[in-house]
Amino acid sequence: MATLWSGRFDIAPDAEALEFGASFRFDRRLFEDDVTGSLAWARALAAAGVLSKEDAQPIDLALSAMLEEARSNPDFVDGPDEDVHSFVERVLVERLGDAGRRLHTGRSRNEQVSLDLRLYLRRRIPIVQHAIAVLVDVLANQAADAADAVMPSFTHFRPAQPVLVAHFFLSHATPLRRDYARFTAARDECDALPLGSGAIAGTAYRVDVTRLAQELGFSRVVDNSMDASSDRDFAAAFLYACTMTMVHLSRLAEDLIILSGDAYHFFELPDALSTGSSMMPQKKNPDPLELVRGKTGRALGHLVGLLTAIKGLPTGYNKDLQEDKEAVFDAEDTLNGSLAVVRSVVGGLTVDRQRAASAASGLLLATDVADYLVARGVPFRRAHEIVGALVRQLVAEGRDFASLSMGEWRAASELFDGDIVNRMTPGVSVTAKATPQSTAPAAVEARLTEVRQWLDSASKLC
Ligand code: ARG
């Protein structure tokens, strides 16, 4: 089969090298975008008087027919072609002859591939964003259901202070909202028309690129044809957004793996989303969450891979850029699969309120005891020392604050009164928090309301 560039050579290309350089295996995913771009290009050429009506009309009809054919028969997009652009052109020429041969006038695959990937990401990013919003919704529902349940929070993975279970769930919704915004930014980067850049220097035909941009739904045209032919910043921005989201899913997965395990058991995983062991009958394993954690490396690898591929490129298109697509597609698939499974796991979690509450008590209240003394005028550093000594004694004796007699409290400091006893609960501890980002029930309630408002506006966007 002839290549798009066979006129330049008098021997057939090396089959293995051709296969090595071919991208049709994966860039067939851009078929719809390639045809969309070609339809618009043909119309723009016709408007510029470069294509006659007699050529433009059959091109239009044939491209539209190809779109229909591919929709009803996915096997249609197949063949020995080098890439999706060659495929579309081959079929067009087979069907139309010379009219088909005129479509590529003033256009290069260098800008075409950039256009296709921009169009692809522009339509696919909202789908990812929708899946992120669905997970935020599931986390918000869990937060609402948790009501006043408490659990320990951790620093250095040592028990730190009591928090509302709702606060924990919302702590994982917050980074996902940042991810959503990162995808919006990545989509904005895609939002520039590269057509008119030609192979690198621009095109010699008076195509109205501003109008072409509007027709393809772009808000602007790229600034510089040389930059445009090797710019893949928009793909890197997408991979960065995927990677950050995977990092956040991985950390949520890690929390749930540990906190649903026997050692803590604040959460119970849904049976349908757990796996058993082929040998140990008692096991209930969190495989889906482990896979999400494991797959995070793929997304990160794709980001690093693309950045590495572009860092040393001389200006202008280089074939290295073909590496962008497998990275983008695999990161997208990995993220979509991970979002779906995490949504199911989180949606099916049950909270073991008893276990979580009892782990949130005891020595975790030490900061509250120090705050009690501060309220009675003791400088915080001094209060920390007094409570630290008390904790040392309690740890040595295997006890906690609840077991202290009034005499023992008084021995630690004269300033302790009878009310200290009622203050020693996780519920009082969380309610004592005073800032809007804290775990205070009123603050968490307000954040939850705000998350729901955000979800309303996000659902209108995608
Ligand atoms: N398959 C190529 C890619 O993905 C399309 C652009 C080819 N351009 C070229 N000058 N060889 O980057």
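Residues numbered from 1 in each chain as written. Predicted model: local features only at pLDDT ≥ 70, side-chain atom pairs only at ≥ 80, totals over all residues. Heavy atoms only, no water.

Examining the overall build of the chain
Then step 1. Across its full length, the chain holds 20 helices and four strands.
Then step 2. Taken over the C-alpha trace, the chain has a radius of gyration of 30 Å; the compact-globule value for 462 residues is 23 Å, which it surpasses by more than 25%.
Then step 3. Referenced to the eigenvectors of the C-alpha coordinate spread, the extents of the chain come out at roughly 100 × 55 × 40 Å.
Then step 4. By the burial criterion, 46% of the 462 residues in the chain qualify as buried.
Then step 5. Expressed as a percentage of contacts within the chain between residues at least 6 apart in sequence, the contacts between residues at least 24 apart total 77%.
Then step 6. Between the averaged position of the 49 positive side-chain charges in the chain and that of its 63 negative side-chain charges there is a distance of 4 Å. (Helix = DSSP H or I, 4+ residues; strand = E, 2+ residues; numbered from the N terminus. Rg over C-alpha atoms; globule rule 2.2 N^0.38 Å. Buried < 20%, exposed > 50% of the residue type's maximum accessible area, 1.4 Å probe, protein only. Contact = heavy atoms within 4.5 Å. Lys, Arg positive; Asp, Glu negative; His and termini not counted. Charge placed at Lys NZ, Arg CZ, Asp CG, Glu CD.)

Quick word on a negative patch on the surface
Then step 1. Residues Asp-188, Glu-189, Asp-223, Asp-227 and Asp-233 make up a contiguous surface patch of negative charge.
Then step 2. Within the secondary structure, Asp-188 sits in helix α8 (residues 165-190). (Patch = residues over 30% accessible without salt bridge, like charges linked within 9 Å, V, L, I, M, F, W, Y side chains within 5 Å. Areas by Shrake-Rupley, 256 points an atom, 1.4 Å probe, with all protein chains shown as cover. Salt bridge = Lys/Arg side-chain N within 4 Å of Asp/Glu carboxyl O.)

Regarding the packing of aromatic side chains
Then step 1. Counting across every chain of the model gives 17 aromatic pairs.
Then step 2. On the basis of an interplanar angle of 20° and a centroid distance of 4.6 Å, the ring pair of Phe-154 and Phe-157 is categorised as stacked.
Then step 3. Overall, Phe-157 belongs to the partly exposed group, its relative accessible area being 34%.
Then step 4. For the cation-ring pair, Arg-122 lies above Phe-218, with the distance from its terminal atom to the ring centre recorded as 4.6 Å. (Phe/Tyr/Trp six-rings, centres within 6.5 Å; stacked < 30°, edge-to-face > 60°. Lys NZ or Arg CZ within 6 Å of the ring centre and 35° of its normal.)

Quick word on the site of the ligand
Then step 1. Every residue near the ligand is listed here: Ser-23, Asp-83, His-85, Arg-109, Asn-110, Val-113, Tyr-317, Gln-322 and Lys-325.
Then step 2. A distance of 2.9 Å separates a nitrogen atom of the ligand from a polar atom in the side chain of Asn-110.
Then step 3. At 2.5 Å, a side-chain N or O of Tyr-317 approaches an oxygen atom of the ligand.
Then step 4. Broken down by element, the shell around the ligand gets its largest block of residues, three residues, from helix α7 (residues 109-146).
Then step 5. The class makeup of the residues in the shell around the ligand is two nonpolar, four polar and three charged. (Near = heavy atom within 4 Å. Polar contact = N/O pair within 3.5 Å; in protein donor to acceptor, adjacent residues only side chain to side chain. Nonpolar A, V, L, I, M, F, W, Y, C, P; charged D, E, K, R; others polar.)

Focus on the nonpolar core
Then step 1. The biggest cluster of nonpolar side chains holds 108 residues, and the ones touching the most others in it are Phe-31 and Phe-267.
Then step 2. Ranked by residues supplied to this core, first place goes to α7 with 16 residues.
Then step 3. Residues contacting Phe-267, with those up to four places away along its chain left out, are Met-151, Val-165, Phe-168, Phe-169, Leu-256, Leu-259, Ser-260, Leu-349, Thr-350 and Val-351.
Then step 4. The next biggest cluster of nonpolar side chains, apart from the first, holds 18 residues, and it includes Ala-366, Leu-373, Leu-390 and Leu-394. (Core = buried A, V, L, I, M, F, W, Y, C linked by side-chain atoms within 4.5 Å.)

What about the packing of helix α15 (residues 366-375) against helix α16 (residues 380-397)?
Then step 1. Relative to each other, α15 and α16 sit at 135°, their axes nearing to 9 Å. If you check the angle between α15 and α16, you find them oblique. The handedness of the crossing between α15 and α16 is right-handed. Where α15 abuts α16, its residues Ala-366, Val-369, Ala-370, Asp-371, Leu-373 and Val-374 lie against Phe-380, Ala-383, Ile-386, Val-387 and Val-391.
Then step 2. In terms of residue class, the contact of α15 with α16 is made up of 10 nonpolar, no polar and one charged. (Axes fitted to C-alpha atoms, helices over the stretch in contact; angles between N-to-C directions. Parallel < 35°, antiparallel > 145°, perpendicular 65-115°, else oblique. Left-handed = near helix turned anticlockwise from the far one by under 90°.)

Regarding the pattern of salt bridges
Then step 1. In the structure shown here, the tally under the stated rule is 35 salt bridges.
Then step 2. In this structure, Arg-177 and Glu-450 form a salt bridge, with 2.9 Å as the shortest nitrogen-oxygen distance. Placement of Arg-177 in helix α8 and of Glu-450 in helix α20 (residues 441-461) is noted, with a sequence separation of 273 residues between them.
Then step 3. Here the salt bridges share partners, and the residues they tie into one network are Arg-29, Arg-124, Glu-332 and Asp-333.

Section: the environment of Ile-125
Then step 1. Locating Ile-125 in the fold gives a position in helix α7.
Then step 2. Judged by relative accessible area, Ile-125 falls into the buried class, the value being 0%.

A word on the pairing of strand β2 (residues 158-164)
Then step 1. The pairing of strand β1 (residues 150-155) with β2 spans five bridges and is classified as antiparallel. Counterpart to Val-150 in the pairing with β2 is Leu-164.
Then step 2. Hairpin connection from β1 to β2: two residues lie between these consecutive antiparallel strands, with His-156 at a positive phi of about 55°. (Pairing = 2+ DSSP bridges.)

These values are about where atoms sit, not about what they do.
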